[in-house]
Amino acid sequence: MDFGLLAVHAHPDDEAIWTGGTLARYADEGARTAVVTCTWAQGTTRAAELEGSLGILGAGRPRLLGYADARKAESAPGAPRFVDVPLDEAVGRLVEHIRQFRPDVVLTYDGFGSYGHPDHVHAHRVTLAAVEAAGYDQLYPGTGEPWRPRAVYLTTIPRSVVTSHWQAVFGSPPAPDQTLPGVPDEQVTTHLDVGRWAERKWAAMLAHESEVERGASMTLLTALPEQARAQMLANEWYRRVAYTGAPTTTLDSW
């Protein structure tokens, strides 16, 4: 089956946390899958961990833009922060990957960056601009033949799922003025059941050993009751963005 799926993420580990089940499922179903990671550089611990995670998910080798994490200068010594790079430069770098890989569908974060991290928000903006620009032969000459993906899927979480698990993770219900991740349930357009791939998704997350030791997102998941954790690992949610003139393609039906 000639179908390409490209995920664009801000940091190593996001590919497993947000889209690990989708990547593993589509790789097993015969799709070409790949991940572009906007921050961290070759030679760093987290870049090596990313390679291990992608191997578990069947998503090829790392494609690193090599910019620095907004909060960790050591992620790419001597390189600018991803959020500080001129938009045109970052878009051009991603356009080259899109034209080389020629995906049918691109995955990235929703407009809030899933939970508001500045690198996630910037990756959302850069990805939408690059997907549009990649189809114009007038833009970014020398980066490959123009290519227009059929759709972009924005990874997100239904607000009902966030609120139902909030207390289990943080010990108390969200405050009335709390800014919550996710979107209202009715804005979710696509739900994928990735339960068959949940163990591989979890293994890919655990491949990021430095993040596990730091007590990052994986620690929050382990704090959930077993049933709730299983639900989070077995389900992935998206908002679909279609492009006029492109053939219809959906994640759940190719």
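All values reported here derive from a predicted model rather than from experimental measurement.

Caption draft 1: Geometry of unusual backbone geometry. Even without being glycine, D13 reaches a positive phi, approximately 105°. Within the secondary structure, D13 sits in the loop between strand 1 (4-9) and helix 1 (14-28). Notably, R102 is not glycine yet its phi reads approximately 55°, a positive angle. As for its placement among the helices and strands, R102 is situated in the loop between helix 3 (87-101) and strand 4 (105-109). Judged by relative accessible area, which is 27%, R102 ranks as partly exposed.

Caption draft 2: A look at helix 7 (residues 198-206). Burial in helix 7 covers these residues: A198, K201, A204 and M205. Relative to the axis of helix 7, the buried residues are bounded by an arc of 120° and lie together on one face.

Caption draft 3: Representation of the nonpolar core within the structure. Grouped together as the largest cluster of nonpolar side chains are 69 residues, with contacts concentrated most on L5, L107 and L251. Dropping the residues within four chain positions of it, L5 is found in contact with T22, L23, Y26, R32, T33, A34, F101, P103, V105, L107 and L251.

Conventions and cut-offs
- Residues numbered from 1 in each chain as written.
- Predicted model: local features only at pLDDT ≥ 70, side-chain atom pairs only at ≥ 80, totals over all residues.
- Heavy atoms only, no water.
- Helix = DSSP H or I, 4+ residues; strand = E, 2+ residues; numbered from the N terminus.
- Buried < 20%, exposed > 50% of the residue type's maximum accessible area, 1.4 Å probe, protein only.
- Arc of directions from axis to C-beta.
- Core = buried A, V, L, I, M, F, W, Y, C linked by side-chain atoms within 4.5 Å.
- Contact = heavy atoms within 4.5 Å.

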